Amino acid sequence: MDPDGPTPEQRAQEAMLTLNKNKQLMRAICLVVFFTLAVCMASVAIYLRSWELMFKVEELQDFVTVTNEPDDACAIGSDRSQWIAGRIELFATCEARQREDYTRSDKEIYDLCFASRQYDRDSFCRRGTEVQILVFNVTNPADVTNGRMPSIVEVGRKSGGPLVFYRDCKTFDTNFEGTTVEYSEYCYHTYKYPATEGEDLNQEIIVPNVGLQEALGNSEYNMDYVVAVVWGTEGLLKLNATQATVEDFIRGQLLSFSWPNNFGINFLNAFSPATSRAGFAAKDNAHQLMKDAVSPLSRTCTVNGTLFNKNQCISMANVMATFARQYYESFQTDLVHPYGLRWQEGAGLFVKTTIGNALGYYSGYDDVILNYLFPKKVHWNVVPSESLVDVAGKTASGAADAANGVFTAGPLGPHKVVTAEVTRLGEYESYLGRERVIEFDWSGCRPRAPDGQVVVNQDGPFPPQCNGGEERRVRGSAGDFVQPELWNVNSLQDSEQARRPIFLTKLWRAIDLSLMETLTVQAGVEKLEVQEYNVRPEGLREARFSFNCAAEYRAMADAGIVNRGTDCDVPVGMFNLAPVSNQIPYLWSLPHYFLVESGLYSNPRENLDGLLTPTGPRYKSVYYVDKQSGKVVVRAEKDQISVRLYQAEDVSGSGRDPNLQISMFTKHAAVTIPLYWSSTTRNSTEAELQYLAEFQIRFRSLWAAFIACMSTGAVALMFALFFGMLLYREQAERSVREKRKRIATDLDSAMPPAVEEEQEGLVHGDGNGEANGVTKERSVP
């Protein structure tokens, strides 16, 4: 061992010094590495959040919105023409293709898809909207006519299941401007099963005659004197009425004991359709007589140029009804044309017709009573077919009528739907040219001046009493899209997701759908998360026109002093459609009166035999919505149309003379009979579901990657801070040690030598300090 070499203590100090230097270096390296990692992860996260994720959001927004702007997505390489008829998935975000498809019918889009594919048509091609229908057949019309409970059965295809029609609607005069599109449309229907169309749609059913109900709805006080007008005049001719016969009948009323000469001749000359008498004017003359007899304001009537007092008018009106009954009952066991029933079975009140005619798929059936007022075929207008010329003509006529203050329930102009504004995507701004719904309170919303002048503009402003003072704007989704969330770009509040308004065209108003649950549907091998919405009682209750419904307003409304909501006299969950159906007393509800509340008015199901209590999803309106895109991927709208039979003798507040006995169909009970119920379905294709599922998956993966990068960056930053703190502490400690050494060195250099020697003696002495101290002390002179 080298005596001059470093001691073990020195070597240990050198090793510790080297280790400290290496440790410091490693800590510095870790600091740099973790800080760099944090910066990289933050950069990646910012890229994912601000670029990649937002790019996908913009791509989805481009898919769901339609604007009137050019788009690079319409070109594939140098070819800029394939977008017109190319595969839709290649041009999903092409604005020109979206606009073009907006003008095409479902059948045209289906044919285009079918022609461009060979092996995957089922995944990419959708035939379009399906309307599934079950009609109700009344099995005991004779009992119903005599006041008993109706018995009904559902009728569908001959082989079982509902009748199914394709609905294809094509737009015209389509104009994309700003964030909306304006368009008119015409629709046509096609039976899904052409091989069995004859046997399915030619099945005979017995149903309430809505033609008669329309005639009554357009008569004074909804009375059926129009029956006496049509059949009474016919009876005078067919039963060979003579002057003596009619005079005996008239005097037998005992309402007047003095009559002018030849009043029987005047009666026949005015009301007999014989060519030698009134001819074609007979029904018009009889109609005027009936209105004079019914009106409480009329005191006289003129028959064949002779003036008669009110009692005499009533006597002649009753005789017209007598001849109508005799003519009606003269058929005995023969069928009454055109109703296909015997008079004992309630022919006229009911009709036997085919399903195709009742639904309007065929031309409809004849009704001689209605034809006097409105010469047309009768049907329920469920699956009719129209042409562009038909709709354009109705629109022009309706616009002219509305401008002149004439009520019309037809189109007044185009629809307007939002297509390019995310917060209102898919919503109606106007329906059939209407921005507000005033048809259910026409007299309150557009009253005429006393001189007959139109004083309220078609678009308002409307009087304060309109709809009971509540503005009813056209609102809600048109059925294809609702407000999307687009990941977090258009975040929706819980209240906005809990209720979604949808405009029901049959109902002429919006109903708020309620969020039921979030679930997944199969999208190929993937899953698409959707929100399920249903029609619930609160939505039905809020959609009612139910102003001035209190009992004290009923007499005021009958007297014309105040207006009353059209839904006041129907149970909650049902809606009166008579104002927009030419006064046919149609009632809307869910199938089998599902969600109809029993309160002041009983559920109509309680007065029907054969109608099942609705349970389960079969009777529910269901909508599946992809929250991210707002796309309604599954739509199954259920509804039922019933008719409430008018009761001519139960007219309150009419002021009608009790001696007037002109009614023909008065024995039936106050009953509501269902006509049909339908399910209108429109579902996305498997390819569309996969496309939307890919967005959800991509959003989730990008968001997960963003969170992972941010978390990793945060952890790396924490480690960098940790190593930075260690380096700082070590540097601080080194600085303290060096400072202490400098202080010690400075103190040593500042002390006198004697003190130093004394301190060294005290430090190095081994018991001799005192002697040394004495020696030193003695050596001092």
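Let me sum up the structure you'll find in this document. In this text the structure is predicted, and so the values were computed from the model without any measurement. (Residues numbered from 1 in each chain as written. Predicted model: local features only at pLDDT ≥ 70, side-chain atom pairs only at ≥ 80, totals over all residues. Heavy atoms only, no water.)

Brief notes about the packing of aromatic side chains
(1) Moving on: On inspection of all chains with the given rule, the structure shows 28 aromatic pairs.
(2) Moving on: Aromatic pair W231 and Y339: ring centres 6.2 Å apart, planes at 80 degrees, arrangement edge-to-face. Placement of W231 in helix α8 (residues 225–238) and of Y339 in the loop between α12 (310–329) and β8 (350–354) is noted, with a sequence separation of 108 residues between them. Y339 shares its class with W231; the two are buried.
(3) Moving on: An angle of 80 degrees between the planes, with centres 5.2 Å apart, marks the rings of F407 and W442 as edge-to-face. (Phe/Tyr/Trp six-rings, centres within 6.5 Å; stacked < 30°, edge-to-face > 60°. Helix = DSSP H or I, 4+ residues; strand = E, 2+ residues; numbered from the N terminus. Buried < 20%, exposed > 50% of the residue type's maximum accessible area, 1.4 Å probe, protein only.)

What to know about the nonpolar core
(1) Moving on: Membership of the largest hydrophobic core comes to 103 residues, with the highest contact counts inside it found for W231, L359 and W380.
(2) Moving on: A total of six residues in this core trace back to one element, the largest contributor, which is strand β1 (residues 129–138).
(3) Moving on: Among all residues touching W380, those that are not within four sequence positions of it are V135, I205, V207, V210, A358, L359, Y586, L675 and Y676.
(4) Moving on: Formed by 33 residues, the second largest nonpolar core is a distinct cluster that contains L236, L268, A270 and A286. (Core = buried A, V, L, I, M, F, W, Y, C linked by side-chain atoms within 4.5 Å. Contact = heavy atoms within 4.5 Å.)

Observations concerning the state of the cysteines
Chemically, a disulfide is nothing more than a covalent bond linking the sulfur atoms of two cysteines.
(1) Moving on: Scanning the entire structure with this criterion turns up six disulfides.
(2) Moving on: A sulfur-sulfur distance of 2.0 Å marks the disulfide that ties C113 to C125. Across the S-S bond linking C113 and C125, the dihedral sits near -85 degrees, which makes this disulfide left-handed. Here C113 is found in helix α3 (residues 106–115), whereas its partner C125 is found in the loop between α4 (121–124) and β1, with 12 residues between them in sequence. Both residues of the pair, C113 and C125, count as buried. (Disulfide = S-S within 2.5 Å.)

Quick look at the pattern of salt bridges
(1) Moving on: Using the criterion set out here, one finds 34 salt bridges in the structure.
(2) Moving on: Residues K192 and E130 are paired through a salt bridge, measuring 3.0 Å at the closest nitrogen-oxygen approach. With K192 in the loop between β4 (180–191) and α6 (197–201) and E130 in strand β1, the pair connects residues that are 62 residues apart, well separated along the chain.
(3) Moving on: The partner of R541 in a salt bridge is E597, with the nearest N and O atoms 2.5 Å apart. (Salt bridge = Lys/Arg side-chain N within 4 Å of Asp/Glu carboxyl O.)

Observations concerning the pairing of strand β11 (residues 499–504)
(1) Moving on: Across six bridges, β11 lies against strand β12 (residues 509–523) in antiparallel orientation. In the sheet register, I502 faces β12, and the bridge partner there is I511.
(2) Moving on: Hairpin remark: β11 followed by β12, antiparallel, with four residues in the connecting loop; positive phi at W508, about 60 degrees. (Pairing = 2+ DSSP bridges.)

Examining unusual backbone geometry
(1) Moving on: The amide bond that connects H337 to the next residue, P338, takes the cis arrangement and shows omega of 5 degrees.
(2) Moving on: Along the chain, P338 falls in the loop between α12 and β8.
(3) Moving on: In this structure, P461 follows G460 across a cis peptide bond, with omega equal to 0 degrees.
(4) Moving on: Of note in this structure, L254 is not a glycine but carries a positive phi near 55 degrees.
(5) Moving on: Checked against the element boundaries, L254 lands in the loop between α9 (243–251) and α10 (263–271).
(6) Moving on: On the basis of relative accessible area, L254 is assigned to the exposed category, the value being 57%.
(7) Moving on: With phi around 60 degrees, Y593 is a residue other than glycine that occupies positive phi space.
(8) Moving on: If you trace the backbone, Y593 turns up in the loop between β15 (586–589) and β16 (622–625).

Some remarks on the packing of α9 against α12
(1) Moving on: At a minimum axis separation of 9 Å, α9 and α12 run at an interaxial angle of 120 degrees. Considered as vectors, α9 and α12 are oriented oblique to each other. The hand of the α9/α12 crossing is right-handed. Facing T245, V246, F249 and I250 of α9, the residues of α12 in contact are S315, M316, V319, T322, F323 and Q326.
(2) Moving on: Class assignment for the residues of the contact of α9 with α12 results in six nonpolar, four polar and no charged. (Axes fitted to C-alpha atoms, helices over the stretch in contact; angles between N-to-C directions. Parallel < 35°, antiparallel > 145°, perpendicular 65-115°, else oblique. Left-handed = near helix turned anticlockwise from the far one by under 90°. Nonpolar A, V, L, I, M, F, W, Y, C, P; charged D, E, K, R; others polar.)

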